[in-house]
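One letter stands for each residue in the lines below.
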Amino acid sequence: MTRETSIARVLLVLVFAPAGGLFGKAVAEAAQGRQWWPWLLAALVWLVVTGLVSVAVTNHFDEHR
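A brief report on the enclosed structure follows. (Residues numbered from 1 in each chain as written. Predicted model: local features only at pLDDT ≥ 70, side-chain atom pairs only at ≥ 80, totals over all residues. Heavy atoms only, no water.)

1. Section: the overall build of the chain
For the chain, the helix and strand inventory stands at 2 helices and 0 strands. Within the span of the chain, comprising 65 residues, buried residues form 9% of the whole. As presented, the chain carries roughly 5,300 Å² of accessible surface, and 70% of it is formed by carbon and sulfur atoms. (Helix = DSSP H or I, 4+ residues; strand = E, 2+ residues; numbered from the N terminus. Buried < 20%, exposed > 50% of the residue type's maximum accessible area, 1.4 Å probe, protein only. Areas by Shrake-Rupley, 256 points an atom, 1.4 Å probe, with all protein chains shown as cover.)

What follows is the structure, encoded as structure tokens:
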């Protein structure tokens, strides 16, 4: 396994694990009859922000090759 593959796997966990937890919290809140949309919104914001950071980092490294 290359160094880039290892880094990619770690970053994949750091992005999708928190988003999955937030989605799970939204489902649990909905099952209890509480407001679930703030948790869903937080998960979507997390995915968008980490996606934008990923694009910025990728572009930065592509420019320096």
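Moving on from the coordinates now.
2. Here we look at the pattern of salt bridges
On inspection of all chains with the given rule, the structure shows 2 salt bridges. Note that Glu 29 and Lys 25 form a salt bridge whose closest N and O atoms lie 3.1 Å from each other. On the criterion of helical spacing, the pair formed by Glu 29 and Lys 25 is a turn pair, its members being 4 residues apart in helix α1 (residues 3-31). Judged by its relative accessible area of 8%, Glu 29 falls in the buried class. (Salt bridge = Lys/Arg side-chain N within 4 Å of Asp/Glu carboxyl O.)

3. Overview of a nonpolar patch on the surface
On the surface, a nonpolar cluster with roughly 650 Å² of combined accessible area is contributed by Trp 36, Trp 37, Leu 41, Val 45, Val 49, Val 53 and Val 57. Relative to the helices and strands, Val 49 resides in helix α2 (residues 37-63). (Patch = residues over 30% accessible without salt bridge, like charges linked within 9 Å, V, L, I, M, F, W, Y side chains within 5 Å.)

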